[in-house]
Each structure stands twice: as C-alpha cells, then as structure tokens.
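Take a look at the letters that make up each chain.
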Amino acid sequence: MSQLIVKTMADFMAEGKQPEILFWVGSAGSYDDRAKKITRAFVKILNKAQVDFAVLGTEESCTGDVAKRAGNEFLFQMQAMMNIEVLNGYEVKRIVTACPHSYNTLKNEYPSLGGNYHVQHHTEYIEELLQNGRLKLESSSKLNGKRVTFHDPCYLGRANEVFEVPRNLLKTLGVDLKEMKRNRRTALCCGAGGAQMFKEPEKGDKDINVLRTEDALETQPEIIATGCPYCNTMMTDGVKSKEKENSIQVLDVAELIANSQDL
Amino acid sequence: MNYLPNILFALSLILGIGYFAKNVKKLLRNIRLGHDVDVSDQKPQRWRNMMRIALGQSKMVNRPIAGFLHIIVYAGFIIINIEVLEIIIDGLFGTHRIMSGLGSFYGFLIGSFEVLALLVFVSVIIFWIRRNVIKLQRFWKPEMKGWPKNDGNFILYFEMVLMTLFLVMNATDVHFQEMNSGNIISQMIAPWIEGLSVGTLHTIERAAWWLHILGILVFLNYLYFSKHLHILLAFPNTYYGRVTPKGQFNNLEAVTNEVKMMMDPNVDPFAAPAEGAEATVPAKFGASDVMDLNWVQLLNAYTCTECGRCTSECPANQTGKKLSPRKIMMDTRDRLEEVGKNIDANKGEFKDDGKQLLGDYITNEELWACTTCNACVEACPVSIDPLSIIMEMRRYLVMEQSAAPMELNNMMTNIENNGAPWPYNQMDRLNWVNE
C-alpha cells in the first residue's frame, strides 16, 4: 500500500508555514472502517495534486453536528467553541471536508459562534483542482460506460444546494450516469441524518435505507456513488439487505476518482 | 323609493367584514404569543420569494397536475373577485351592472370571468374526485380524519356553489343576455331556462345575486375556522420564510452565553449578581408548548392548508413511522387555538390548563423519527418549516428533560468524553494514515 503524506497543523506550525487547506477528517472519517477508506482515497488525490494540506489529527474533535440535531445545543456549542479556538489559534482560513454534516455545520453554524472559514465539500475542492489544472484525470477504461447512480446526501444537496458538482466529477470519469426517480431537491434521505445514525429507527414498516436502495436498484446500477460517509454506510447496508453486494458497489466520489487513476 | 335592499346589503357587508376583522385581530393576537424573531434582514430576497412562491405559485407546479389546476382556481379567485367590486357598488346604490357602461370592455371582462368560472368549477370537481374517489394517499392519512377531511370538502362545495351562482345570475339576467356581450358561458344555460317568464327569471337572478354575495361573505368568515387561510397568509408566510441555507439551524443564544461563561476562566460561577442587576429568569431551552415557539412558526401553523406534500415526501412517514410533518403543523395550530380560547375565556390571561403541545398533541415517538433531511421544508409550496418546530421540541426533551433515547445519550456521552460519537480514543484519530 502506498504511503500517504499527511501533515498536521502542528507540523506546519513548527515549520512556521501555513497549509493551503485544512482537511477536516471528521469522526466518521477518522474511526469508521468504511469511512477511513474514503479519507485515504481523498488524501491520495490531494497527494497526487501535490496540495499542501494539513489535518488537525488528535486536536480535531467532533463538530457537534450530531449532538445539535439530537437536540443537545449545549454539547454542540461546547464542541463548536473548542474547535473554533483550535482553528482560530492556527489561523485556519480554508477547510475542506468529505463529510456533508461537518461541511454544513462548519459552513453555516460556526460563523455566528466566531468561526469564519471558507468551507468546501471535497467534491467542490476536487473540481477546483481539475479546473486549475493541478489535477489531471487520465482517461481510464475502468469506469468508462459503467452504470452509476448518484445518491444526494441531504446535507450537501437540499441543505446547501450542491447538486451538480459531484455529478460533473462522475461525468468526467466517463461513467453512464443514471438518475433515480427522486434526485437532487427531491432525493430521499438515506435515513442516517438527524442523529438517526446512532439509534434504532422508530417502529414502522420498512427501513429508510432499504427504501432508498430500492430507488437506486431501479436504475440497475453497477455502482451507487455518494458523497457522505453516513449515506455510504446506509446504502451499503441497504444493498446487503437486497443481497446485491456482489454485483453492486457503494463508493464515494473520491474513491471512484482514486480508483480510476490507480492511486 | 324602497331602500330596504340597500340597507340590508350594507348591513350584511358590515356584519360580514366586521366579524372577519374581529377574528383577524384574534389571529394576530395568537400569532404574537410566539417569541420575537428577527426577520428584518434580506428584504429584497424576501420580496422576491413572496413574488415567486406565493404570487407566482412556483412551487405548486412541482406537481404538475395539482399545480395546473390550482393555478386556475387561484387565478379565478383573484380575477373573478373584480366582479365583487361591481356587486358591492350595485348593492349599496341600487344600481344594476353599473360598469356595463364600459361597453365591449365590460363584455370582455365578464366573458373572461365566465370562462374562468367554468374552469374553476371543473378544476374543483377534479380536486374533489382526487380527494374522494381516487383517494390520493396523502388525503387519507390518520391526521385527515373528521374535521380536516370535511373542511377540505366544504371548501370545494363552497367554490362549486359560488361559481354556479355566478353563472346562473348571468344566465337569468335578461338585460345582460340581450346585450349579448360577455355571456360566453351563461348563454349556454339559456336553453335550460327557456319558457320561464321574465318575472320568474328576475326572481332567480335576484336570488342568485344575493346568494352569491352572501356566500362570499360567509366564505370569508369561514376562512378563520378553516385550513383555507392560506389564500391570505401564504403571502406573509413566504415573505417571512427561511432565507438561509436549509441546513443551517439557529444557534440558541441563551446557550451561547452559558457556554461562554463555562469556558471563561475569569468567570466566578458563584458570584452574586451585580448590585441593581435584575434577577434574570433562566431561559427555557427548546419548546414544550406553542408560546415557546417563535411567531413565524405560529404563522406557519395558520398558513398550512394541509395539502400533505410534506408528509408524502417525508422518509419517516413513507416507511410507516408515526411522524407526519403536516400533523406537526396541524397540532401546533390546534393547540394555539386552544390557548387563544383559554385567553378569551379568562379575560386576556392564559390560565394553565395542564396541557401542552408536547405530549398532549405531539409525541416523543414522532419527534425522534425525524432525520432532519429537509424534504418537508423543500416540499412545502408556501415556505412552511415543520423541521424547526421538531428541532425546538427535541431541544426541550434533551436539555430540559434529559429524555433522549438511550442510544443517543450514549452517543452524547462519547462526544463529551472522547470528542467523537463513538467510544474511541481521541489519540487514535490519526490512525487511518498508517492502516
């Protein structure tokens, strides 16, 4: 396995330098086995484009998004203020994250608590790298013509109206992008938002991730792409419940890019 | 001269408008029971939203069939009401079709009203069929039993009757038919009334005229008791609706102050309040009743016309959970009405009735089923935000009652202890680099 080049903010500080961006890994991206693969894929892309980026490492703490949405405003603001103290201490200006929940909270809910940063979702940053010519995608036969459907994460799509960026990236890879009947503004949630990730669902007649997986299966995809570690878990579980895990992969847009470039 | 009809007309007008005004006052009083909220920002954007979403019906057409039919009824409502102006002048001054002096333009006006009236009639019939024959799922959810179901149908019957009266009034107006200008639809009714004497026709015409205007006044007063208030409130509601990204939830200021104190090493937590400082009542976190919500949320509740688009898009509802965003809005309004009646009965003071929105109307099970996905907010054609009410109530459950589901308490303990929702060591945050 290729060695990743990852420096912390503390490393940069010791060298007396500032990174171009701070990569906010997030709790899922740091600890969840599946999400860690997304983190590594994104870092491979950053390394390939020779981006001078930093992570907070052990100084990073949960953004508090999940506590806020569970109703615990105290815990959220405690987390937010601690993080803001660290971020402002390092004079961070730009943050990129692969988690739409962190993205939304950092971008929209931190400013009024004193944390003002230019926040981007990793797909937005990758698109920027492509546009600047810092990242070039070699044409690859790996994904060419593959049937891919994109599941919109609620906190990227409806919540922040980023609909086209991840789709544009997928199209750059030459995949055959098939839309589900509910997409973009009317996309169905995967079922994990609002702290649902951490609890059993209320009594009902179906799980939300299974319903969303059915939407995806209607497009007969080879790959279900998404841009959120929680969505990834939910859709993966959904595919398993339909016993399709051998024929359908659930992958993050960053993973698709990294795979296509043999990174 | 006999002034009796004029006097009767003026009296009905005063009564009809007066009673409505009285209820509007009550409505405003109830809405003001909510907390204040600053909505003075982004005025140009707010005007644009109102023009586009309420006046322009931009979100209605996301569902093309209902949207198209609704635009007909909406346009009919606004345009045909120009005719009411003439009716009022005629009624007050004993004139007959005072504007007919406009000649062919008058014919053009009445002609378009007649065409619209027919279109409205047909659309309303289709609406009725969708509700009662096709039985669209969203009109048959548990919260749509009883009054809400009848209310929906009554409104449709009202509109059918009013449109019919308008056309009958025109058809039996001998003078108007003789003008033969603008009677595009009403002349088709003529064969059915052939052979009736001029006197009978006149009686029918007068009866239809009176029933039409009285019907409009009754309908106006029906609004306050009905979900149909949206025809008025959609405008302020879209103006005051959200202008920030949907993902952005407000940060509670009361909490910010306390957290800042906790994190400030110079604050003495046991310090007595400064001399002369008013004893501050600790803020209540979140909402357990309608008075804890803000007034825009209460305006939302009165604006809701129970179309159910929110509920039909809600992932929890679609998978059989109890949560229905529409029910959240209906419950909020029902409780607000109850509080309002309580205030009326107790000389302007609210007397504790041992009830509240949380528990007596909305259950914890509903609140915890929400994924905060914003599908309901996106779906609403008049910018209602059921999610913000759900969030306020969750805040109350967690911060005032420590009543979160156990798994969520575990998750929150993990964040407190290790800075992650999972029980992993913060020192392991960078392990992914070498795995």
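Scoring rules and cut-offs
Residues numbered from 1 in each chain as written. Chains lettered and ligands numbered in written order. Predicted model: local features only at pLDDT ≥ 70, side-chain atom pairs only at ≥ 80, totals over all residues. Helix = DSSP H or I, 4+ residues; strand = E, 2+ residues; numbered from the N terminus. Rg over C-alpha atoms; globule rule 2.2 N^0.38 Å. Buried ≥ 20, exposed ≤ 12 C-beta atoms within 10 Å, placed from the backbone. Domains from an automatic or database assignment. Contact = placed C-beta atoms within 7 Å. Nonpolar A, V, L, I, M, F, W, Y, C, P; charged D, E, K, R; others polar. Pairing = 2+ DSSP bridges. Right-handed = clockwise from strand over helix to strand, strands pointing away. Core = buried A, V, L, I, M, F, W, Y, C linked by C-beta atoms within 7 Å. Axes fitted to C-alpha atoms, helices over the stretch in contact; angles between N-to-C directions. Expected span 1.5 Å × (residues − 1). Parallel < 35°, antiparallel > 145°, perpendicular 65-115°, else oblique. Left-handed = near helix turned anticlockwise from the far one by under 90°.

Our focus in this paragraph is the overall build of chain A. Each helix and strand in chain A was counted, giving 11 helices and 9 strands. Rg of the C-alpha trace for chain A: 18 Å, near the compact-globule value of 18 Å for 263 residues, within the 12% margin. Each principal axis of the C-alpha distribution contributes one length, and for chain A these read about 50 × 45 × 30 Å. Considering chain A as a whole, with its 263 residues, one finds that 56% of them fall into the buried category.

Turning our attention to the domain arrangement of chain B. Residues and elements named next belong to chain B. Domain assignment breaks chain B into domain 1 (4–31 + 63–240) and domain 2 (253–264 + 282–422). Here the C-alpha centroids of domain 1 and domain 2 sit 38 Å apart. Each partner contributes residues to the interface: domain 1 has 20 residues there, and domain 2 has 22 residues. For the side of domain 1 that touches domain 2, the secondary-structure elements that each account for two or more residues are α1 (4–31) and α9 (230–240). In terms of residue class, the side of domain 1 that touches domain 2 is built from 9 nonpolar, 6 polar and 5 charged.

So, on to the pairing of strand β4 (residues 94–97) of chain A. In regular strands, side chains alternate between the two faces of the sheet. Residues and elements named next belong to chain A. Note that strand β2 (residues 21–24) and β4 share 3 bridges and pair parallel. Looking at β4, one finds that Trp-24 is bridged to Thr-97. A crossover connection joins β4 to the parallel strand β5 (residues 118–121) through helix α6 (residues 100–109); in handedness this β-α-β unit is right-handed.

This brings us to the nonpolar core. Membership of the largest hydrophobic core comes to 145 residues, with the highest contact counts inside it found for Ile45(A), Leu170(A), Ala225(A), Ala254(A), Ile257(A) and Met393(B). By residue number, the principal contributor to this core is helix α18 (residues 386–400) of chain B, which donates 9 residues. Not counting chain neighbours up to four residues away, the residues in contact with Ala225(A) comprise Val148(A), Phe150(A), Leu170(A), Leu251(A), Val253(A) and Leu256(A). Ranked by size, the runner-up nonpolar core spans 24 residues in total, among them Ile110(B), Val168(B), Trp209(B) and Ile213(B).

This brings us to the domain arrangement of chain A. Residue and element names in this part refer to chain A. Domains assigned within chain A are domain 1 (7–131) and domain 2 (147–260). Measuring from the centre of the C-alpha atoms in domain 1 to the corresponding centre in domain 2 gives 22 Å. Each partner contributes residues to the interface: domain 1 has 27 residues there, and domain 2 has 27 residues. Residue assignment for the side of domain 1 that touches domain 2 shows that the elements contributing at least two residues are α2 (26–31), α3 (33–48), α4 (65–70), α6 and α7 (122–131). The element contributing the most residues to the side of domain 1 that touches domain 2 is α3, with 8 residues. Of the residues in the side of domain 1 that touches domain 2, the class split is 14 nonpolar, 6 polar and 7 charged.

Next up on the list: the sheet that holds strand β3 (residues 53–55) of chain A. Residue and element names in this part refer to chain A. Taken in spatial order, the 5 strands line up as β1-β3-β2-β4-β5 in an open sheet, and their pairing is parallel. With partners counted over all chains shown, the strands left at the sheet margins are β1 (7–8) and β5, one partner each. Relative to β3, β1 is paired through 2 bridges, and the arrangement is parallel. The residue bridging Lys-7 from the neighbouring strand is Ala-54, located in β3.

Residue and element names in this part refer to chain A. If you trace the 4 strands from one edge of the open sheet to the other, you get β7-β6-β8-β9, paired in parallel fashion. Of all the strands in the sheet, just β7 (176–177) and β9 (249–252) have a single pairing partner and so form its edges. Pairing of strand β6 (residues 147–150) with strand β8 (residues 223–226) involves 3 bridges; the strand directions are parallel. Following the sheet pairing, Phe-150 is matched in β8 by Ala-225. In the packing of helix α11 (residues 253–260) onto the sheet, the strands contacted are β8 and β9, and the crossing angle to β9 comes to about 95 degrees.

Residues separated by three or four positions in an α-helix point in the same direction, a consequence of the helix having 3.6 residues per turn. Its 25 residues give helix α8 (residues 198–222) of chain B an end-to-end C-alpha distance of 35 Å, which sits within 8% of 36 Å, the value for a rise of 1.5 Å per residue. By the burial criterion, the buried members of α8(B) are Glu205(B), Ala208(B), Trp209(B), His212(B), Ile213(B) and Ile216(B).

A common way to state how big an interface is: give the accessible area lost once the parts meet. At the junction of the two partners, chain B supplies 55 residues and chain A supplies 56 residues. Only α10 (253–263), α13 (315–318), α16 (364–368), α17 (375–379), α18 and α19 (406–418) of chain B provide two or more residues apiece to the side of chain B that touches chain A. With 6 residues, α19(B) is the largest single contributor of residues to the side of chain B that touches chain A. Across the side of chain B that touches chain A, the residue classes break down as 30 nonpolar, 13 polar and 12 charged.

Moving on to the pairing of β6(A). All names here are of chain A. With 2 bridges connecting them, β6 and β7 associate as parallel partners. Bridge pairing in β7 places Arg-147 opposite Asp-176. Each parallel crossover has a hand, and for β6 linked through helix α8 (residues 164–172) to β7 it is right-handed.

With respect to the element layout, Arg185(A) can be found in the loop between β7 and α9 (208–217). For Arg185(A), a count of 16 C-beta atoms within 10 Å puts it in the partly exposed group. With 94 residues separating them in the primary sequence, Arg185(A) and Glu91(A) have C-alpha atoms 35 Å apart. The contacts of Arg185(A), once residues within four sequence positions are left out, are Arg158(A) and Glu378(B).

Residues and elements named next belong to chain A. With their axes 8 Å apart at the nearest point, α3 and α11 run at an angle of 55 degrees to one another. Taken together, the axis directions place α3 and α11 in an arrangement best described as oblique. When the axes of α3 and α11 are compared, the crossing they make is left-handed. The segment α3 lies against α11, with Lys-37, Ile-38, Ala-41, Phe-42, Lys-44 and Ile-45 engaging Ala-254, Glu-255, Ile-257 and Ala-258.

Attention now goes to unusual backbone geometry. Residue and element names in this part refer to chain B. For Gln-42, which is not glycine, the phi torsion reads 45 degrees and is therefore positive. Residue position: Gln-42 is located in the loop between α1 and α2 (43–55). Located in the positive-phi region is Thr-372, a residue other than glycine, with phi close to 55 degrees. Along the chain, the position of Thr-372 falls in the loop between α16 and α17.

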